[in-house]
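Here are the chains, one letter per residue:
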Amino acid sequence: MTSCNLGNWNTECESVVNKQINLEFWASYQYDLMASYFDRSTVGLKNISEFFKKSSNEEREHAHKLIEYQNKRGGVVKFFDIKNVSLDYLKDKGKNDVLLSFEKALEMEQTVYKSLLLVHSYGEKYTDPQFTDFIEGEYLEEQVSALN
């Protein structure tokens, strides 16, 4: 079900924003799991845990900002099941858990960035400069900084 009752929000844009919302929640969930791992008494790396907890909060804030935007444009927010959240990446015993986790974080940030570029392309495809401006101003610059 889509609403798009304001007449200025394309259903494909609505759909791609919902996918991005869910991707941001997935990243938040994965970062929370990573934070909990480093907070274990058997691991005890509190600063690393805090870094991932902060990262989780940022991703959740991104999702909520997209939810507000979706609602503002007249769309309907849809949540999907969160899948593929695990610590399986830690099984590579050739590297330590901190390095593996930061490599996972980089991979996640690249995934989110590529998805944001796709979201932006929908704004261009449907000649929606306000939408592309929103994505550029609220997400792309911050994402590049996160990758750096």
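Quick note: structure is the one above.
Notes on the structure follow. Fair warning: this is a prediction, and the values are worked out from it, not measured in the lab.

What counts, and at which threshold
- Residues numbered from 1 in each chain as written.
- Predicted model: local features only at pLDDT ≥ 70, side-chain atom pairs only at ≥ 80, totals over all residues.
- Heavy atoms only, no water.
- Helix = DSSP H or I, 4+ residues; strand = E, 2+ residues; numbered from the N terminus.
- Expected span 1.5 Å × (residues − 1).
- Salt bridge = Lys/Arg side-chain N within 4 Å of Asp/Glu carboxyl O.
- Buried < 20%, exposed > 50% of the residue type's maximum accessible area, 1.4 Å probe, protein only.
- Polar contact = N/O pair within 3.5 Å; in protein donor to acceptor, adjacent residues only side chain to side chain.
- 1 Å grid on protein atoms, 1.4 Å probe; cavity = no way out; pocket = protein on both sides within 12 Å on 5 of 7 lines; lining within 4 Å.
- Points joined across faces, edges and corners; volume = space filled by probe spheres on them.
- Nonpolar A, V, L, I, M, F, W, Y, C, P; charged D, E, K, R; others polar.
- Phe/Tyr/Trp six-rings, centres within 6.5 Å; stacked < 30°, edge-to-face > 60°.
- Lys NZ or Arg CZ within 6 Å of the ring centre and 35° of its normal.
- Contact = heavy atoms within 4.5 Å.

1. Considering helix α3 (residues 97-125)
Residues separated by three or four positions in an α-helix point in the same direction, a consequence of the helix having 3.6 residues per turn.
In step 1: Along its 29 residues, α3 runs 42 Å from first to last C-alpha, staying within 8% of the 42 Å computed at 1.5 Å per residue.
In step 2: One or two positions beyond α3, positive phi appears at T127, with a value near 45°.

2. Some words on the pattern of salt bridges
In step 1: Enumeration according to the criterion identifies 10 salt bridges in this entry.
In step 2: Between D32 and R60 there is a salt bridge whose closest N-O contact spans 3.6 Å. In this pair, D32 is assigned in helix α1 (residues 11-39) and R60 in helix α2 (residues 46-73), connecting sequence segments 28 residues apart.
In step 3: The partner of E107 in a salt bridge is K104, with the nearest N and O atoms 3.7 Å apart. On the criterion of helical spacing, the pair formed by E107 and K104 is a turn pair, its members being three residues apart in helix α3.
In step 4: A relative accessible area of 44% places E107 in the partly exposed class.
In step 5: The class of K104 is buried, set by a relative accessible area of 14%.

3. Comments concerning α1
In step 1: The terminal C-alpha atoms of α1 lie 42 Å apart, and with 29 residues this matches the ideal 42 Å at 1.5 Å per residue to within 8%.
In step 2: Backbone nitrogen of E12 and a side-chain oxygen of the N-cap are separated by 2.6 Å at the start of α1; the cap is N10.

4. Re the layout of surface pockets
In step 1: A volume near 280 Å³ is recorded for the largest pocket.
In step 2: Looking at the largest pocket, it is lined by 15 residues, and the ones nearest its centre are Y31, F51, S55, E109 and A146.
In step 3: For the lining of the largest pocket, the element with the most residues is α2, which contributes six residues.
In step 4: When its residues are assigned to classes, the lining of the largest pocket shows seven nonpolar, three polar and five charged.

5. A few points about the packing of aromatic side chains
In step 1: Counting across every chain of the model gives 12 aromatic pairs.
In step 2: An angle of 75° between the planes, with centres 5.3 Å apart, marks the rings of F51 and F52 as edge-to-face.
In step 3: Residue class for F52 comes out buried when judged on its relative accessible area of 0%.
In step 4: When the ring of Y69 is compared with that of F134, the centres are 4.0 Å apart and the planes differ by 10°; the resulting orientation is stacked. Here F134 lies in helix α4 (residues 129-147) and Y69 lies in helix α2, a separation of 65 residues in the sequence. No difference in accessibility class separates Y69 from F134, as the two residues are buried.
In step 5: Ring-pair connections join several aromatic residues into one group, and the members of that group are Y31, Y37, F38, F51, F52 and F102.
In step 6: Stacked on the ring of Y139, the Lys or Arg K65 has its end atom at 6.0 Å from the ring centre.

6. Some remarks on the side chain of N18
In step 1: Considering the arrangement of structural elements, one finds N18 in helix α1.
In step 2: Look at N18 and you get buried, because its relative accessible area is 3%.
In step 3: Within the structure, N18 has its side chain in polar contact with the backbone oxygen of V76 (distance 2.9 Å).
In step 4: For N18, the residues in contact, after removing those within four places along its chain, are Q70, V76, V77, K78 and F80.

7. A word on the environment of L33
In step 1: Turning to its location among the elements, L33 is positioned in helix α1.
In step 2: A relative accessible area of 26% means that L33 is categorised as partly exposed.
In step 3: Discounting chain neighbours no more than four positions away, the residues touching L33 are V85, S86 and L87.

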